[in-house]
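In case you want the letters, here they are:
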Amino acid sequence: MASLYPAWSNTAYRLALFALGLGAAGLVVGPMIYVRTPYNTAQFEPWDQPVEFDHRHHARDDGIECLYCHSSAETSATAGVPTTAVCMGCHVQVWNTSPLLEPVRRSYFSGAPIRWRRVHTLPDFVYFNHAVHVRRGIDCQRCHGDVGRMARVMQTQPLTMGWCLDCHRSPERAAGPDPATPTPPRSAWGATFDMFTRHSFADRSITGLITCSACHR
Amino acid sequence: MPPRAPEELPSEFAPGADQRPGLDRRELLKLTAASAALAGLGACMEHPHERIMPRSAEAPEQTPGVPVEYATSMVLDGFATGHVVKAMDGRPIKVEGNPEHPASLGGTTALGQASILELYDPDRARGVLERGRPASRAGLARLIASLPAQSGLWFLLYPQSSPLLVELLARVRRRHPSAQVATDTPLDRRAVYRGASMAFGRPLEAQYRFERADVVAALDADFLAAMPGSVRWSRDFAARRRRLAGPGGDPGRLHVAEPSPTPTGSLADHRVALRAGDIGALAAGLLAEIVRGGRAPAGLPPELVARLAGFPAPAPAAAWLSATARDLARSPGRAIVLAGDRQPAETHALVHLINQALGNLGETIALTEPALHDPLGPGLAELVRAAAAGEVQTLVIAEANPLYSAPPDLGLERALARIPLTIHASLHENETSRACTWFLPLAHSLESWGDARAYDGTLSFIQPLIRPLHGGASLVELLAMFAGDPDPSGHALLRDRDRRARGEGGAARDVELAWEEDVRRGFSLHSGFPAQPPRLDIPALGAALVPALATARARSGAEEPIEISFAPSHAVHDGRFANIGWLQELPRPITKLTWGNAAQLGPGLAARLGVDSGDVVRLSMDGRAIEAPALIVPGHADHAVSLELGGGRRGGGQVAAGVGVDAGPLRSAAAPGFARGVRVAATGERRALAITQGEMRAHGRDLAPHTTLAAYRADPSFTRALRGGLPTLLPGRSAVGPQWAMTIDTSICSGCSACVVACQAENNIPIVGRQGVLDHREMHWLRIDTTLCGSADRPDFVHQPMLCQHCQDAPCEYVCPVNATTHSPDGLNEMTYNRCIGTRFCSNNCPYKVRRFNWFDYTGEQAETIQLQRNPNVTVRERGVMEKCTYCVQRIRAVEIQSRIERRGPRPGEVVTACQQACPTGAIQFGALEHAGTPMVEWRREPRRYAALHELGTRPRTMYLARITNPPADTADTADTDND
Amino acid sequence: MAHPILIGRPTDAELGERLLGTTWRPGGRGWRVAFAVSGAFTVLLAVCVTYTVTTGIGVWGNMIPVAWAFGIINFVWWIGIGHAGTFISAILHLFEQRWRTSINRLAEAMTLFAVIQAALFPLLHLGRPWFAYWLFPYPSQMQVWPQVKSALPWDAAAVTTYFTVSLLFWYLGLIPDLAALRDGAPTRRRRIIYGLFALGWNGRSSTWRHYRTAYLILAGLATPLVVSVHSVVSSDFAIGLTPGWHSTIFPPFFVAGAIFSGFAMVLTLVIPTRAVFRLHDVITDRHLDNCAKLTLVTGLVVAYGYIIEFFIAWYSGDLAEMQQFYQARPFGPGNAVFWIMLGCNLVVPQLFWSRRVRTSPLLLFAASLLINVGMWSERFVIIVMSLQREFLPSKWAGYAPTWVDLGILSGTIGFFTLLFLCFLRVLPFIAAHEMKELRHQLAEEHGERAEAHHG
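Presented here is a report on the structure given in the accompanying data block. (Residues numbered from 1 in each chain as written. Chains lettered and ligands numbered in written order. Predicted model: local features only at pLDDT ≥ 70, side-chain atom pairs only at ≥ 80, totals over all residues. Heavy atoms only, no water.)

Observations regarding the overall build of chain C
Here comes step 1: Scanning chain C from terminus to terminus reveals 16 helices and zero strands.
Here comes step 2: Taken along the three principal axes of its C-alpha coordinates, chain C extends 80 × 55 × 40 Å.
Here comes step 3: Expressed as a percentage of the 455 residues in chain C, the buried residues total 61%.
Here comes step 4: Expressed as a percentage of contacts within chain C between residues at least 6 apart in sequence, the contacts between residues at least 24 apart total 82%.
Here comes step 5: Of the roughly 17100 Å² of accessible surface on chain C, a fraction of 72% belongs to carbon and sulfur atoms.
Here comes step 6: Positive and negative side-chain charges in chain C, numbering 33 and 24 respectively, have mean positions lying 7 Å apart. (Helix = DSSP H or I, 4+ residues; strand = E, 2+ residues; numbered from the N terminus. Buried < 20%, exposed > 50% of the residue type's maximum accessible area, 1.4 Å probe, protein only. Contact = heavy atoms within 4.5 Å. Areas by Shrake-Rupley, 256 points an atom, 1.4 Å probe, with all protein chains shown as cover. Lys, Arg positive; Asp, Glu negative; His and termini not counted. Charge placed at Lys NZ, Arg CZ, Asp CG, Glu CD.)

Right under this line is the structure:
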């Protein structure tokens, strides 16, 4: 009788098996790679804002301090976005007729807030505190990038948990040695490996800062 | 000054408050699909188009994300308690006691804690109604303005102590000379004042100094939880009892006689269960013993002495009486005898006489003018009489809900029908609103300006933290409308009154400053009433008491018929708080019953009736009857049934609807507190009781150690088996930073449960409803385990606040497969909700069973307004994750962040947990082990310290101090230390 | 003299026809009815699972303190049942127990299907099953790893490993028969499909040599799993401090219980199958006899476990332990289940001392069913009844299942049956090639004149 399979079927079969294995591996590795890409972390996406506010002009050219507008960054958990009144503080004198500032004036006189698009977002179960970071000498650029060179603000850092931990495990990399909490640098792997045992939490003096409840409450 | 209303709030500043991070059912499936792609990103569920909406102009006193606190007051039945309320970005989110306020000293009641939820109650009335149809406030104002002078105007209010209100009433009378004010509350204190009048010729208020009292005898008086001064008194009483710092110390002694066990009774050193109706006889008996002991007050009429001679003590209390009398006599001038509010005037007069005889007046008891305005003025009865006579043309009922709470035999409903114009002003449209022609929504006290006096007379201010959510006028504004002020402002009214009050002398500037200072503080310093010299007209009083003794004698001894007594609920008071879920689900201090009330009776009576807990019984009394599930309460008086008020609401909200039974039908105007002659019969039906504590006995396990003072002195370290080191194979855990810990003294925990509600408010803890409780799924992070010791008819109670013990070798930690519950270097057992996948292994392995699981999406379906109450610094837990007490880690971290900014360590007493802050007695102490000298550290040096389930080697950070009872020597047997 | 393990000397052709033929002979009415019923229960399972995942674990009877109930009971029960297969095919193979030949594939299939049911629960009982992958160690950008001190990650690993190995083992054994079907099945469509799975098997002696080596290696791999998997499962409880869980005897106790219930389930499946397909000469009373003996042995180990549990409870002097074993279990809420457990797991196996019972299919079948019930009850007693009465009386509570709990339990039984029924129809449920081999061996031993049968 006619053979059941043509001659090439063995080759095809082997290829198919190989592809199957590859696909399985891809299913596991693929997502791991994906979550580390800007697609997932929403990095480098300049958002349109209701007002065409240009940080290059204000922060770089005019050299206005970040804290001049984002004043609560020193005292509060949230850096805050300036009230319209702050904008108008200058813009009653300068550019007070510019059409670009129309939304600002509308907000100022109507009292209705400007609806800014949020760029740097953390999940609601993460409690980041601006005040302590700013007052402990972390400069804004560290996490927000060089906003002074951005026409429209975008997120430059991944803002993932691992990214936070990298600094918290060796702050000196972020802010230089801190007399209050000196700490030896350690590899991310060494540190993550310690997650296996709670006892090893304690052998770093900044442990208070990598323990879960430092950010999750 | 009042922060803007929530709709103007920038959402971004309150993460988790106005939008929950959790899933709702729609998102769920979507997410299930997406989660594979989200691998590693874990539970990040961010809103893709979140907006930041900064205010257009700076708001005064506010930094986004930084809480602000304002002092204000809560008024209950006329008495003010000082509160400090925390607002986050314009939303009031938490009530605390005002540490400076004499009626609070920092403590609060469960009701005070829950008042924040009342503000956000979604069922609150939202508009003016005329005959049930929407109307305008302007229309009502016009109507009021058009009232003729001789309009037969009557007001029905709760008892009032507000000076502003008194002033406004005067102004109202100028327009309506015949205007009358009737005051009423289901928990009427007129008897107290009548008793005082009998003794002193005028209604003086007794101010107790429990911190000075070596011996206290409470006759049906739950002074630690259910009386106007309770919060302050709890602190004072605890201070006195805390002299038991070591075995040498003297805790004083508390004698209690009461029908059904109360928080006060559960802290007694020497307790007897006695029907409320026998208390009068007991008081007489006490006086008799004291007179016999040669301490007869001068001028006591002979016939009274004669009657007292050989006065029979109520049978069950004979031993108690003699021991107590002896004890009282032993410490003249250092004792307090007090009777409960529901006791008749004669009993109160007797008690005054006893205190006089013991020389307590002026020592441990000061007498002042009453805080209440016209405490003996007209009440409901007078109002009904006037209405029947057709004298009432216009009736304004404000706050009160008499159609639910008034005894039916008054015939109030018929009376109302005869009144042409009735205006009801209230937070809710309730039973009374429906019977009135007009309805006006009242503003909540957190939305309005006002003033009131504390129990000791301290002038306290009510300050709004938010504009009225649903419009509405405050009580004073309503009265001002009758005074001819079409659109009054509470702020202006109060401000003017204050200016006039301070007016004479002093520059306007100083007045301004003083006012600012008082509003900031929440009350005027030293505005409490001065003590009045106690002048008893003993002969007259004696004469007046003779007939009372006759009736008391007649009563006492007679066992049948059965007595029914009514008490305010520790959770919903008289039912006015019945729509607050936190309170409905609050386990009652002794019975642990939630969601409703029950007919409480003792084991003896239950056995004779053949009923068990949960059997529905029919209580009938001269034609009126109700049906309620029976609940057997050890330590309840025999031949007596007691029923909490506040059940069976027929209107006033979805939560309140149909919860519990209305005791009303059994109450009569003549005997609102208690009455004899109720018939109890089983109906054969059963109704499941939602009780949170499965078993009150210890089953021979050494769970809540307690002993008598004598035994304690004989063997100070009797808890030695429950503390100290245990051999372990585990490596030591090196600690970094302050080591947080808690110490709880069970000798001064009355079980009042303020901490439970405080915890719920602070930590966004949802309620699960009656069915949820029946399914053992209540979510309280902090519960109070009440252990019964001794015999069922004379039990001792030990209250043990049970929260996460923060074990140093925590069984929950090593079983969590994903590191969702871990140990922090500062000794906390952390729970990371967003890492939890919900295996529930940790709960199985927690010997204290303090972990709670989100079986359903409890937070998703909550009403918008309820969500406004949420604490933005605590994650709102989603479905399927475990949660538990965190030692209020959000407060710890906030302090740490501040101290890191200031480059210092946390200061002693800087971190205060919600439960500790609320506790009226101060039984809960929290802090860092390094901070020597703080109570938390000092207490855990006491020999009676112990760790719960110590033998398991979990090394809890929470330490307990054993309960020490101090029974009179000759009755020591009543406090046997057997544990099962 | 024991029963023979093969009655008569059928020729290879006859064996092939009878054992492979089951795959192309149409199923009878009885089969279709059974298929419909089990299919219905499978649908019920799907409904309950969807309801649970979309609404929350709250639809189950679980609560605090009883946070684990039917979910984990069913998991342990099924995974236990899954043990007999590997025991028979791997361990008995290493010990060259020839009687295993006619039941090993059936047992392996049973193992697979049981493990499939079991694998459902570790996922399903999670509060947030969509994060179940956090149980596996992978380099997450959260830089958080599983907690290896907990038994659960090991559970996940053990179950997946066990499933994979059993699957490979079973499949490898199937290959020669699949090839036979490829060559012998009636229709071309069937031959193509079977051919796809036959991996191009050509009966060359070298192929056979490789095949045997591979089979032996896999058997070696599978053997430790028989012991390890249920030891890991038992530590889900043994590492806890709950009275009734905190016990060092659990691993051996659980493994014995697993094989005990496994053999019971083998009997439950083999006896009707044998009757329906009239295979009394291939699956002889000898097989039933041996299964029964093994059930008895493991049953005795289980009994020993019970005795030790109760003894230690007393010997520990720990009040909570004593009240757990001497009050809660015999007299506490749900104590009926406890007595059922004792009846089914202690009393019933003792019948197997009698040879008459061991060789009476009806009695064996009834007994095997009871033992399955008993082993489910045992898990209920261990998990639920222990949690009902823990350290603090204030949190004592009685457990009651909901309709969803019952639906899921019966649903898995239905799903299991469904898979088994399909297996009977589409694959040779007795290893034909091994039977032929066995026949030849027997022939040589008995020096019979094989040729006599020819022609």
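Following the structure, the description resumes.
Overview of the interface of chain C and chain B
Here comes step 1: Each side of the interface is counted separately: chain C has 56 residues, and chain B has 65 residues.
Here comes step 2: Among the residues chain C hides against chain B, the three largest losses belong to Ile64(C), Arg128(C) and Trp130(C). Together they make up 15% of the total.
Here comes step 3: At the junction of chain C and chain B, the tally comes to three salt bridges.
Here comes step 4: The salt bridge partner of Lys849(B) is Glu390(C), with a shortest N-O separation of 2.8 Å.
Here comes step 5: Linking chain C with chain B are 38 residue pairs in polar contact (both at pLDDT 80 or more), by the criterion used here.
Here comes step 6: For the side of chain C that touches chain B, the secondary-structure elements that each account for two or more residues are helix H2 (29–55), helix H6 (151–184) and helix H11 (319–331) of chain C.
Here comes step 7: For the side of chain C that touches chain B, the element with the most residues is H2(C), which contributes four residues.
Here comes step 8: Grouping the constituent residues of the side of chain C that touches chain B by class yields 33 nonpolar, 18 polar and five charged. (Buried area = accessible area lost by both parts, 1.4 Å probe. Salt bridge = Lys/Arg side-chain N within 4 Å of Asp/Glu carboxyl O. Polar contact = N/O pair within 3.5 Å; in protein donor to acceptor, adjacent residues only side chain to side chain. Nonpolar A, V, L, I, M, F, W, Y, C, P; charged D, E, K, R; others polar.)

Some thoughts on the sheet that holds strand S3 (residues 79–88) of chain B
Residue and element names in this part refer to chain B.
Here comes step 1: With antiparallel pairing, the three strands of this open sheet are ordered in space as S2-S3-S4. Sheet topology places strand S2 (68–76) and strand S4 (91–97) at the edges, where each strand pairs with a single neighbour. Strand-to-strand, the axes of this sheet are offset by a mean angle of 35°, without reference to chain direction.
Here comes step 2: When S2 meets S3, the two strands line up antiparallel, connected through nine bridges. In the strand pairing of S3, Thr 72 is matched with His 83. (Pairing = 2+ DSSP bridges. Axes fitted to C-alpha atoms, helices over the stretch in contact; angles between N-to-C directions.)

Quick word on the pattern of salt bridges
Residues and elements named next belong to chain B.
Here comes step 1: Evaluated as defined, the whole model comprises 75 salt bridges over all chains.
Here comes step 2: Residue Arg 500 is joined to Glu 167 by a salt bridge in which the shortest nitrogen-to-oxygen separation is 2.3 Å. One end of the pair, Arg 500, is in helix H17 (residues 490–503); the other, Glu 167, is in helix H4 (residues 163–175), and 333 residues separate them in sequence.
Here comes step 3: Take Arg 500: its relative accessible area is 48%, and that puts it in the partly exposed class.
Here comes step 4: Glu 167 sits in the partly exposed class, given a relative accessible area of 26%.
Here comes step 5: The closest approach of N and O atoms between Arg 240 and Asp 250, which form a salt bridge, is 2.9 Å.

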